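# Tertiary structure, described
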Amino acid sequence: MLEIHGIDVFYGDAQALWEVSLRVKEKEIVTLLGGNGAGKSTTLRAVSGLLKPRRGSISLAGVRLDRINPHQIILQGLSHVPEGRRLFANMTVMDNLLAGAYTPAAWKNREAAVQGMVEIFPILKERRNQLAGTLSGGEQQMCAIARAMVSQPRVLLLDEPSLGLAPVIVERIFEVVQKINGNGVTVLLVEQNAHIALQIAHRGYVIETGRMVLEGVSSELLQNDYVKKAYLGI
Amino acid sequence: MTLKLIAEQLINGLVLGSMYAIVASGLTLIWGTMKMLNFAHGELYMLGGYVLYFTLMVFGMHPFWAVFLAMLVVFFVGVLIERALIHPLLDKPGWDVSPLVVTLGISIFLQNFALKVWGERFKNVPYFIEGTMEAAGFRIAYQRILILVVAAGVMFGFWMYVKKSRFGIALRATAQDRESATILGINSHRIYMLTFGISSALAALAATMLAPLFLINPWMGIPPQLKAFIVVVLGGLGSFEGAILGGFLLGTIESLAIVFLSSEWKDVVSFVVLILILIIRPSGFFGTKEW
């Protein structure tokens, strides 16, 4: 479904990714693991058009995403929950969700879509008139996922949803991610927390200093000596 | 100095203040979304005045359509300025200074353009509605009542639009986090372009409403521009509510200054207010709040 083929990505003159390739098949959860600064977020940012690869290609169901304007990528059915949630802090929770329904098709269907999201995250209904910046970390992450899901994407990119959250909240969020995936949404999940990511992912990739170093199905990666040592702390 | 005089001046202050609020809200709108100051705002106001002169006096249009056309023309001038001169500077180094220089240049150009093309003779337009209302011993020109009503209507309408509409949500989203807005499908360049247009149209509206009270000339935009800056600092840069409150406050303070001091002192008083605000509360009333 989502295919990244040999991309080189630069920040100015500094190269951040070297020939990174990755595939996510339809209805799969694929996790991209790696340490700080390994290039995980850069990969996601390239997929959603915020960075343009100098070489290589990114395509979604055959459509070249790297040739589309960044604001038009969501129209292809790809939604991105950015690192650090990046909510509109001075807007209400409801307005954040409505911003997620900006595309013409989603706007027509916004009430049902928002309703669907508050059913998954009931806390957002309680908080709907509260400014997003005043939510707790876990609630903000839920709001960010809900905002991305309002447009009813086919593919969801999740950038470190577990960041800074208590384990019990992380578990809740990952349950929801699984549920979303169960409804037919393909998920590309970036994580530092390899342990929990490999529990829900079908397959995984490991990226280090801008290069892919490993890939495999989750059960294999969980048994891999290198992954165990470097990412699972065993 | 009677109570009646004070009351009349208070009403005049509200009338003037409502227009300060309209001019300032355009300025604050651009700051809030694009984080730039528009030094050509006063000249867009001036253009609004001239377009009104032509639509009203030369083509003899009904005031409603004359005002509407003035807003429309200046909207497109604003859009054109954004596309041609501001847009190329976006995302380039020096964004904190470059729009200042460019808009200052546009301002000087437009003033001299008006002087060259339309001449230095001041132009006069009549009141849209003749006559005065007399109630409870007060005499208020209908034009002033019209100004208040239009200002209140436009501000309320615009506020609701920004709070509730799809465009308004996109505008606020872009102002707060452009990248997040982009991944949700919002074209920030289009938002910027329209923001500039709307801001310009608001300036034109204020000019058309005030044109019968003041005179149309190439330099008519300078005082409202200065006042709008004071208002925006007073209310907090980027805050719509602040611009409205600040506008009314400054208008009222100036009008009372005329009663208690003299009309020559009103600008002194407004700048004293500006300096006091900068000392006491530099971020303005709503300075920390964004769109």
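Relevant structure appears above.
Keep in mind that this is a model prediction, so the values were computed, not measured. (Residues numbered from 1 in each chain as written. Chains lettered and ligands numbered in written order. Predicted model: local features only at pLDDT ≥ 70, side-chain atom pairs only at ≥ 80, totals over all residues. Heavy atoms only, no water.)

Applying the stated criterion to the full structure yields 16 salt bridges over all chains. A salt bridge links R86(A) to E179(B), with the shortest nitrogen-to-oxygen separation between them at 3.7 Å. Here E179(B) lies in helix α7 (residues 178-183) and R86(A) lies in the loop between β6 (78-81) and α2 (93-100), a pairing that spans two chains. Note on E179(B): relative accessible area 25%, which makes it partly exposed. A salt bridge links D95(A) to R172(B); the shortest N-O distance between them is 3.0 Å. Taken together, the residues D95(A) in helix α2 and R172(B) in helix α6 (residues 166-176) connect one chain to another. Residues D95(A) and R172(B) agree in their burial class; the two are buried. Linked through salt bridges whose partners overlap, the residues forming this network are R45(A), R86(A), D177(B) and E179(B). (Salt bridge = Lys/Arg side-chain N within 4 Å of Asp/Glu carboxyl O. Helix = DSSP H or I, 4+ residues; strand = E, 2+ residues; numbered from the N terminus. Buried < 20%, exposed > 50% of the residue type's maximum accessible area, 1.4 Å probe, protein only.)

All right, on to the pairing of strand β2 (residues 138-141) of chain B then. Residue and element names in this part refer to chain B. Judged from the 4 bridges that link them, strand β1 (residues 132-135) and β2 form a sheet pairing that is antiparallel. For E134, the partnering residue across the bridge sits in β2 and is R139. Connecting β1 to the next strand, β2, in antiparallel fashion are 2 residues, including A136 with a positive phi near 50°. (Pairing = 2+ DSSP bridges.)

Now for the packing of aromatic side chains. Aromatic ring pairs are defined here through the distance separating the ring centres and the angle between the ring planes. Residues and elements named next belong to chain B. Counted according to the given criterion, the structure contains 12 aromatic pairs over all chains. Judged by centre distance (5.5 Å) and plane angle (75°), the ring pair of Y53 and F54 falls under edge-to-face. For F54, a relative accessible area of 25% puts it in the partly exposed group. Relative to W65, the ring of F64 lies with its centre 5.1 Å away and its plane at 85°, an arrangement referred to as edge-to-face. (Phe/Tyr/Trp six-rings, centres within 6.5 Å; stacked < 30°, edge-to-face > 60°.)

This part is about the sheet that holds β6(A). All names here are of chain A. An order of β6-β7-β8-β3-β9-β10 is seen for the 6 strands of this open sheet, with the pairing classed as mixed. Unpaired on one side and paired on the other, β6 and β10 (211-217) mark the two borders of the sheet. Sheet twist, expressed as the average angle between the axes of neighbouring strands with direction ignored, equals 15°. Note: strand β3 (residues 29-33) against strand β9 (residues 203-208), 4 bridges, orientation parallel. Counted as the bridge partner of T31 is G204 from β9. Sheet strands touched by helix α1 (residues 40-47): β3, β6, β7 (155-159), β8 (186-191) and β9. Its angle to β7, the strand with the most contacts, is close to 150°. In this fold helix α10 (residues 225-232) packs onto β9 and β10, with an angle of close to 65° to the strand it touches most, β9. (Axes fitted to C-alpha atoms, helices over the stretch in contact; angles between N-to-C directions. Contact = heavy atoms within 4.5 Å.)

For the rest of this paragraph, the subject is unusual backbone geometry. Even without a glycine there, the phi angle at R85(A) is positive, about 65°. With phi around 60°, D91(B) is a residue other than glycine that occupies positive phi space. Within the fold, D91(B) resides in the loop between α3 (63-86) and α4 (98-118).

What follows is about the interface of chain B and chain A. Tallying the contact residues gives 21 residues for chain B and 22 residues for chain A. Around 2,100 Å² of area is buried between chain B and chain A when both sides are counted, 60% of it from carbon and sulfur atoms. Of all residues in chain B, R166(B), I183(B) and L184(B) give up the largest surface area on contact with chain A, accounting jointly for 36% of the area buried on that side. Linking chain B to chain A there are 4 salt bridges. Between R86(A) and D177(B) there is a salt bridge; the shortest N-O distance is 2.6 Å. In this structure, the connection of chain B to chain A is made through 8 residue pairs in polar contact (both at pLDDT 80 or more). When residues of the side of chain B that touches chain A are traced back to their parent elements, those giving at least two are α6 and α7 of chain B. Per element, the largest residue contribution to the side of chain B that touches chain A is 6 residues, and it comes from α6(B). Classifying every residue of the side of chain B that touches chain A gives 8 nonpolar, 6 polar and 7 charged. (Buried area = accessible area lost by both parts, 1.4 Å probe. Polar contact = N/O pair within 3.5 Å; in protein donor to acceptor, adjacent residues only side chain to side chain. Nonpolar A, V, L, I, M, F, W, Y, C, P; charged D, E, K, R; others polar.)

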